[in-house]
Amino acid sequence: MRSSNPVFSRRGFSRDNGYARFDAQPQAGGPAVGTQTSPYTQAPAGNPYAQNPYAQQDLQYGAPQAPATTGRMTMDDVVLRTATTLGTLIVTAALAWALLPVDDAHIGKSYGIAIGAGLVAMVLGFVQAFKRKASPPLILAYAALEGVFLGVVSSVVDNRIADGAAMQAVIGTMSVFAAVLIAYKAGWIRVNRRFYGFVMAAAMGFVLLMAVNLLFAVFGGGDGLGFRSGGLGILFGIVGILLGACFLALDFKQVEDGIAYGAPKDEAWLAAFGLTMTLVWIYMEFLRLIAILQGND
């Protein structure tokens, strides 16, 4: 099963562009202070969208106010785009589950379609991750193909390894999302430069270990180095879920800063893309963990 999130350089936290900078936080008493440039302004500015026509500030009372324009990103935009992306993924996953049987006579063909869809989805994810602007058709195509992959894999695990695993993984993913959102809004999780550096280093180390394990499994057979089975598999499954929770906090920070800085409305698609990839990561880790736990019964 694939478990890597290809977006390691989140748009909102890059050194050269984006808006969620840890050295230029929006302040309640006035404009944020920073020295970084962004793709939307040619000169250093505290607000990366200061030169964007959708990010004009009302400086009354010394604080930036929401402009009277519909061209900037709002929370409703993020929720709608995320619901659209996740809805596309869920629909194609349900269709794949129903139309691609995983019995002994058809599992080979179904696996082939799922792996093909997953590889294309990964390529589309990389393309969007390195684009400077959101491409809604590309993001929706990624979600649709990822849904096919998840639908077949979930069907295999649910029907052949651990009955009810898919629903348990969905509940687990929703629970992590809700818990991180509550903790973030309550201020229990503070996303700063140190937090970002730790998460990125841990994620790259995690994926590197999984890649090495996969290579050993492909060329040496069996479970490779054993990082995805038995006791080590359970440990790395928990680590993977925790990393996914940390990525959710980064996603929430990206959304919060984008709204505060007056990001263009199209940026909501990038927020939806990041959230979808993170939720897929968490779901896959839950699915794998449940399969290991029930498979050892």
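Thresholds, definitions, all that
- The residue numbering used here restarts from 1 in each chain and proceeds along that chain's sequence as written.
- The predicted nature of this model means local features are confined to residues of pLDDT at least 70 and side-chain atom pairs, given and counted, to a pLDDT of 80 or more, with totals for whole chains, interfaces and linings taken over all residues.
- The side-chain quantities take in all heavy atoms of the structure and omit both hydrogens and water.
- To qualify as a helix, a DSSP run of H or I must reach at least 4 residues; to qualify as a strand, a run of E must reach at least 2; elements of each kind are numbered from the N terminus.
- The buried label applies to any residue whose accessible area, calculated with a 1.4 Å probe on protein chains only, is under 20% of its type's maximum; exposed applies above 50%, and partly exposed to all values in between.
- Should any heavy atoms of two residues lie within 4.5 Å, those residues are considered in contact.
- Each accessible area value is a Shrake-Rupley result obtained with a 1.4 Å probe; residue values ignore everything except the protein chains displayed when judging cover.
- Geometry of aromatic contacts follows a simple scheme: Phe, Tyr and Trp rings, the Trp one being its six-membered ring, pair when their centres are within 6.5 Å, and the pair is stacked under 30 degrees between planes, edge-to-face over 60, tilted otherwise.
- In a helix, the anticipated span is given by 1.5 Å times the number of residues less one.
- Nonpolar core, defined: a set of buried Ala, Val, Leu, Ile, Met, Phe, Trp, Tyr and Cys residues in which side-chain atoms within 4.5 Å join the residues together.
- In this analysis, axes come from line fits to C-alpha atoms, helices being fitted only over the stretch in contact, and the angle between any two N-to-C directions falls in the range 0 to 180 degrees.
- Orientation is classified from the angle alone, with under 35 degrees giving roughly parallel, over 145 giving roughly antiparallel, 65 to 115 giving roughly perpendicular, and any other angle giving oblique.
- Crossings are classed by handedness, with left-handed meaning an anticlockwise turn of the near helix from the far one by less than a right angle and right-handed meaning a clockwise turn.
- When residues are grouped by polarity, Ala, Val, Leu, Ile, Met, Phe, Trp, Tyr, Cys and Pro land in nonpolar, Asp, Glu, Lys and Arg in charged, and all others, Gly among them, in polar.
- Salt bridges, as used here, are contacts in which a Lys or Arg side-chain nitrogen is within 4 Å of a carboxyl oxygen on Asp or Glu.
- A residue's pLDDT is the predictor's confidence in that residue, given on a scale from 0 to 100.
- What makes a patch is a set of residues exposed beyond 30% relative accessible area and free of salt bridges, joined within 9 Å when like-charged and within 5 Å when nonpolar (Val, Leu, Ile, Met, Phe, Trp, Tyr).

1. Considerations on the overall build of the protein
For the protein, the helix and strand inventory stands at seven helices and zero strands. Listing every helix and strand of the protein by position from the N terminus yields α-α-α-α-α-α-α. Buried residues in the protein amount to 50% of all 297 residues. Residue pairs in contact within the protein that sit at least 24 positions apart in sequence constitute 74% of those at least 6 positions apart. Put simply, the protein shows about 14,300 Å² of open surface, and 66% of that area lies on carbon and sulfur atoms.

2. Remarks on the packing of aromatic side chains
The full count for this structure, using the stated rule, is six aromatic pairs. Centroid distance F177 to F252: 5.5 Å. Interplanar angle 80°. Geometry classified as edge-to-face. Taken together, the residues span a long stretch of sequence, with F177 in helix α4 (residues 165–185) and F252 in helix α6 (residues 230–261) at a distance of 75 residues. Given a relative accessible area of 28%, F177 falls into the partly exposed group. Three or more aromatic residues joined by ring pairs make a cluster, and in this case those are F206, F236, F247 and W281.

3. Brief notes about the environment of F286
Locating F286 in the fold gives a position in helix α7 (residues 267–295). F286 sits in the buried class, given a relative accessible area of 16%. Between the alpha carbons of F286 and A169 there is a distance of 5.1 Å; along the sequence they are 117 residues apart.

4. Focus: α7
Along an α-helix, residues three or four positions apart point the same way, because every turn accommodates 3.6 residues. Taking 1.5 Å of rise per residue, the 29 residues of α7 would be expected to cover 42 Å, and the 42 Å separating its terminal C-alpha atoms lies within 8% of that figure. By the criterion of burial, α7 is predominantly enclosed, with 26 of the 29 residues buried.

5. Quick notes on the side chain of T85
The residue T85 is located in helix α1 (residues 75–99) in this model. Those residues within four positions of T85 in sequence are excluded, and the remaining contacts are I139, L140, A143, W269, A272 and T276.

6. Observations regarding the nonpolar core
Core analysis: the largest hydrophobic core is formed by 71 residues, its most contacted members being V176, L248 and L250. When contributions to this core are tallied by element, the ones reaching two or more residues are α1, α2 (107–130), α3 (136–161), α4, α5 (193–220), α6 and α7. Excluding residues that lie within four positions of it along the chain, V176 makes contacts with I241, A245, L248, I282 and F286.

7. Comments concerning the packing of α6 against α7
Where α6 meets α7, the closest approach of the two axes is 9 Å, and the angle between their N-to-C directions is 165°. One finds that α6 runs roughly antiparallel with respect to α7. Crossing hand, α6 versus α7: left-handed. Here the contact of α6 with α7 is built from residues that sort into 19 nonpolar, seven polar and two charged.

8. A word on the pattern of salt bridges
Summed over the entire model, instances satisfying the criterion amount to three salt bridges. For D104, the salt bridge is made with R160, and the minimal N-O distance between the two is 3.0 Å. Linking D104 in the loop between α1 and α2 with R160 in helix α3, this pair joins segments that are 56 residues apart in sequence. With a relative accessible area of 66%, D104 lands in the exposed category.

9. Description of the confidence of the model for the protein
For residues with low pLDDT, the predicted coordinates do not support detailed interpretation. On average, residues of the protein score 80 in pLDDT, and 75% of them are at 70 or above. Low pLDDT (under 50) marks residues 1–45, which in the prediction has 145 contacts with non-local residues, meaning those over four places away or in another chain. Taken together, the stretch residues 53–69 has pLDDT below 50 and engages in 32 contacts with residues farther than four places along the chain or on a different chain.

10. Observations regarding a nonpolar patch on the surface
Judged by side-chain polarity, M167, V170, I171 and M174 come together as a nonpolar surface patch covering roughly 390 Å² of accessible area. Mapped onto the secondary structure, I171 falls in helix α4. Residue I171 is classed as partly exposed on the basis of its relative accessible area of 47%.

11. As for the environment of G230
As for its placement among the helices and strands, G230 is situated in helix α6. Residue classification places G230 among the partly exposed residues on the basis of a relative accessible area of 29%. As for G230 and L289, which are separated by 59 residues in sequence, their C-alpha atoms are 9.9 Å apart.

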